[in-house]
Amino acid sequence: MILVYNPTCEMAVRADTVNYQPPAPLVAFEQKWAPLMMFFASSASDAVVGASPSDEVLSFWRDKGAIVPQFISLSEAKKRVCSGEMLRPWGISKEVLYRFGGHELSAQFTTEHRQLFSRLSSVALDDALAQLKLPTWCQQTERPQVFRSADELHHRIQLRPCVLKSLWSASGRGVTIVDKAEYVPSTFRRYEAYMRTDSAVVVEPLLHRLVDFAMLFSLASDGSVTYCGKNFYRSDKSGKFGVELIGYNPLQPYEDSGDLPSDWEQVASQLFSNAIRSLGWHKLYCGPVGVDSMLYSDECGRIKMRLCIEANLRYTMGNINMAIAQVLGNGVQMEWGIGNGAEFSFLPHSRESFI
């Protein structure tokens, strides 16, 4: 298996060309953090495309029981893919398929795939959930909407606070909170431009967020859905990635107080499994599916859960966090994020971190 870190995959899907090239800083970012893919290795014969971390880093993880894969060049990866090894990128795009498999692979990427890897799938999953019998703690009074008319978009964002999203973006980019009247003109101009190029934008209600988390699934080619677990993280005020949490359960106080039923996870994972199966995504894609969710308080102060904020049909930081947690074992509490250090490393401080 050939593992490739390409977190700019949504931008590549939006560009819809085999020649997409991320901005230079993002290319450097992808190259620097490529070793994160090592946590998805299932055997020592798997290979990550990128420079190897130091022996010290690899020894640390090997001693913890992690599988340490090979680290190979782009040219070596292309040879292996051409010889039949499976390509496993962070996210699928026409560009990454062409980069490693030429036109034979990239030609398999269709217009239907492009739509699937957009936020239209997040709205579709929310729609599918709404068709099911939802318990009161996750029922929504206002749901996401897809806007294709500039006039209708302008009218909506003037009505009340909301969140605007472009169809393709990554790590909270392409997401804008409009909670003040003075933000409306500039935000409208920006998203009117998105609408012209992408044909639509998504508008969602602005909620009072209490806890961020994700529910992780695996979608098989036969349409079966496996629940892999939940992952907690903290994002910043704009919704961009912040830090991952291990050994903490920010929802526990709400379960203890009775604001959230103790079986919420079992109920929610089953609802998601049913909804994902109903959408037929497996006809175009199989692999990891991560769904960002949120606990929030509504206008009456009631604790509610919004099940689907974002559906990611790709690997996510939650998948990495879960893999790291499994390697470290039970009883570990830590938070980590991606900083500006010169090398991928793990430093066992009082608050563990990747820097």
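Just above, that's the structure.
Residues numbered from 1 in each chain as written. Predicted model: local features only at pLDDT ≥ 70, side-chain atom pairs only at ≥ 80, totals over all residues. Heavy atoms only, no water.

**Student:** It is not clear to me how the packing of helix α8 (residues 150–159) against helix α9 (residues 184–198) should be interpreted in this structure. Could you clarify?
**Tutor:** The angle between the axes and the distance between the axes are what describe a pair of packed helices. Two elements in contact, α8 and α9, have axes separated by 10 Å at closest approach and are oriented at 150 degrees. Read as a crossing pair, α8 and α9 show a hand that is right-handed. Residues Ala150, Leu153, His154, Ile157 and Gln158 of α8 touch α9, and the partners they reach there are Val184, Phe188, Tyr191, Glu192 and Met195. Residues belonging to the contact of α8 with α9 are distributed by class as follows: seven nonpolar, two polar and one charged. (Axes fitted to C-alpha atoms, helices over the stretch in contact; angles between N-to-C directions. Helix = DSSP H or I, 4+ residues; strand = E, 2+ residues; numbered from the N terminus. Left-handed = near helix turned anticlockwise from the far one by under 90°. Contact = heavy atoms within 4.5 Å. Nonpolar A, V, L, I, M, F, W, Y, C, P; charged D, E, K, R; others polar.)

**Student:** Explain the sheet that holds strand β5 (residues 145–147) here, please?
**Tutor:** Two strands in a sheet stick together by hydrogen bonds in their backbones, pointing the same way (parallel) or opposite ways (antiparallel). Reading across the sheet, the four strands line up as β5-β8-β6-β7 and stay open at both edges, with antiparallel pairing between neighbours. Of all the strands in the sheet, just β5 and β7 (175–178) have a single pairing partner and so form its edges. Pairwise comparison of adjacent strand axes, ignoring direction, gives a mean angle of 25 degrees for this sheet. As paired strands, strand β6 (residues 162–165) and strand β8 (residues 201–205) are joined by four bridges and run antiparallel to one another. Looking at β8, one finds that Leu164 is bridged to Val203. Its contacts with the sheet place α9 against β5, β6, β7 and β8, and it is angled at close to 150 degrees to β7. (Pairing = 2+ DSSP bridges.)

**Student:** I tried to follow the sheet that holds strand β1 (residues 2–4) on my own but got confused; where do I start?
**Tutor:** Reading across the sheet, the four strands line up as β3-β2-β1-β4 and stay open at both edges, with parallel pairing between neighbours. Only two strands of the sheet have a single partner each, and these edge strands are β3 (70–72) and β4 (87–89). For this sheet, the mean inter-axis angle between neighbouring strands, taken without regard to orientation, is 30 degrees. One ladder, built from two bridges, connects β1 with strand β2 (residues 47–49); its direction is parallel. Note on β2: the bridge partner recorded for Ile2 is Ala47. Along the sheet face, helix α4 (residues 74–82) touches β1, β2, β3 and β4 and points at about 105 degrees away from the line of β3.

**Student:** Where do I start with the packing of aromatic side chains in this structure?
**Tutor:** Each pair of aromatic rings is reported with the distance of its centres and the angle of its planes. The tally for this structure, following the rule as stated, stands at 15 aromatic pairs. An angle of 50 degrees between the planes, with centres 5.2 Å apart, marks the rings of Phe217 and Tyr227 as tilted. Highlighted residues: Phe217 in strand β9 (residues 208–219) and Tyr227 in strand β10 (residues 225–235), separated in sequence by 10 residues. Assessed through its relative accessible area of 1%, Phe217 is described here as buried. By way of ring pairs, the aromatic residues Tyr5, Phe29, Trp33, Phe40, Trp90 and Tyr315 are connected into one cluster. (Phe/Tyr/Trp six-rings, centres within 6.5 Å; stacked < 30°, edge-to-face > 60°. Buried < 20%, exposed > 50% of the residue type's maximum accessible area, 1.4 Å probe, protein only.)

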